[in-house]
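Next come the chains, spelled out residue by residue.
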Amino acid sequence: MFNKVKNIWPSHSSNSSKRAQGGVVPADAIDPNAVLNDDNYDEFVQEVLVAHNHYRSLHGVRPLELKDEISRYSLKWAKTMAKDKQMKHSLPSDRPNYGENIYYFSGKYIHGNHVVESWYNESIDHNYQYGKEPKDLRAGHFTQVVWKDSTYLGVGATVWDKGLFVVCNYEPHGNIIGQFVRNVPPPI
């Protein structure tokens, strides 16, 4: 049985009945007949990378580069969540220099850009205040996406019988107390 996690994700208005981490996914984000597999996995990973770099460019932050080592770790963790049937972050001691964003979708395929969009939208949903340290990390997925000092990205995703798990890891990690003002610039 899948263990439901606390709803911390934005809702999207749509006619779609698919759910992603508490929000309804836009209809154009899914193909009900598609399944993430070996034939489209690389395309999915590229969509995730391109979306990250699009949102980073809105903040004047340099693009991320994919790193195979980090992607292998991300895929391993996605498979662990599927095996455990539970969405949860890996232990920081297992990824000492990686930041991590995780995502769950109740279908078998979603376009990679919509995964990153849900994280980015935390800046709006939680009214992120640029130019000062946050009081909490409710927008922590957003801040990791645009974190200026992060240079490498790893992407992993896997399907299980109830849906799709996606893991992105970042090197070096973001969300460091005392460094938000310098690393999360406002949109340009």
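Scroll up to find the structure.
Residues numbered from 1 in each chain as written. Predicted model: local features only at pLDDT ≥ 70, side-chain atom pairs only at ≥ 80, totals over all residues. Heavy atoms only, no water.

Draft legend 1. Up close: the overall build of the chain. Counting secondary structure elements, the chain contains 6 helices and 6 strands. Element order for the chain, N to C, with α for helix and β for strand: β-β-α-β-α-β-α-α-α-β-β-α. Counting the 188 residues in the chain, one finds 50% classified as buried. Summing over all exposed atoms, the chain offers an accessible surface of approximately 9,400 Å²; the carbon and sulfur share of this is 52%. (Helix = DSSP H or I, 4+ residues; strand = E, 2+ residues; numbered from the N terminus. Buried < 20%, exposed > 50% of the residue type's maximum accessible area, 1.4 Å probe, protein only. Areas by Shrake-Rupley, 256 points an atom, 1.4 Å probe, with all protein chains shown as cover.)

Draft legend 2. Molecular detail of the pattern of salt bridges. Under the criterion given, the structure shown has 6 salt bridges. Where D84 meets K83, a salt bridge forms, and the shortest distance between an N and an O atom there is 3.2 Å. Among the salt bridges present, the one from R182 reaches D149, with a minimum N-O distance of 2.8 Å. Of this pair, R182 sits in helix α6 (residues 180-183) while D149 sits in the loop between α5 (140-146) and β5 (152-160), and the two are 33 residues apart along the sequence. (Salt bridge = Lys/Arg side-chain N within 4 Å of Asp/Glu carboxyl O.)

Draft legend 3. Examining the packing of helix α1 (residues 41-57) against helix α3 (residues 112-120) more closely. It is the contact of α1 with α3, at a shortest axis distance of 7 Å, that shows an interaxial angle of 35°. For the pair α1 and α3, the crossing hand works out as right-handed. Taken together, the residues of α3 that come into contact with α1 (itself represented by F44, E47, V48, A51, H52 and Y55) are G112, N113, V115, V116, E117, W119 and Y120. Among the residues making up the contact of α1 with α3, the classes are represented as 8 nonpolar, 3 polar and 2 charged. (Axes fitted to C-alpha atoms, helices over the stretch in contact; angles between N-to-C directions. Left-handed = near helix turned anticlockwise from the far one by under 90°. Contact = heavy atoms within 4.5 Å. Nonpolar A, V, L, I, M, F, W, Y, C, P; charged D, E, K, R; others polar.)

Draft legend 4. Seen up close, the layout of surface pockets. For the largest pocket, the calculated volume is near 250 Å³. Among the secondary structure elements, those contributing two or more residues to the lining of the largest pocket are β4 (99-105) and α5. The computed volume of the second largest pocket comes to approximately 220 Å³. Lining the second largest pocket we find H126, N127, Y128, Q129, K132, E133, P134, K135, D136, R138 and A139. Split into classes, the residues belonging to the lining of the second largest pocket amount to 3 nonpolar, 3 polar and 5 charged. (1 Å grid on protein atoms, 1.4 Å probe; cavity = no way out; pocket = protein on both sides within 12 Å on 5 of 7 lines; lining within 4 Å. Points joined across faces, edges and corners; volume = space filled by probe spheres on them.)

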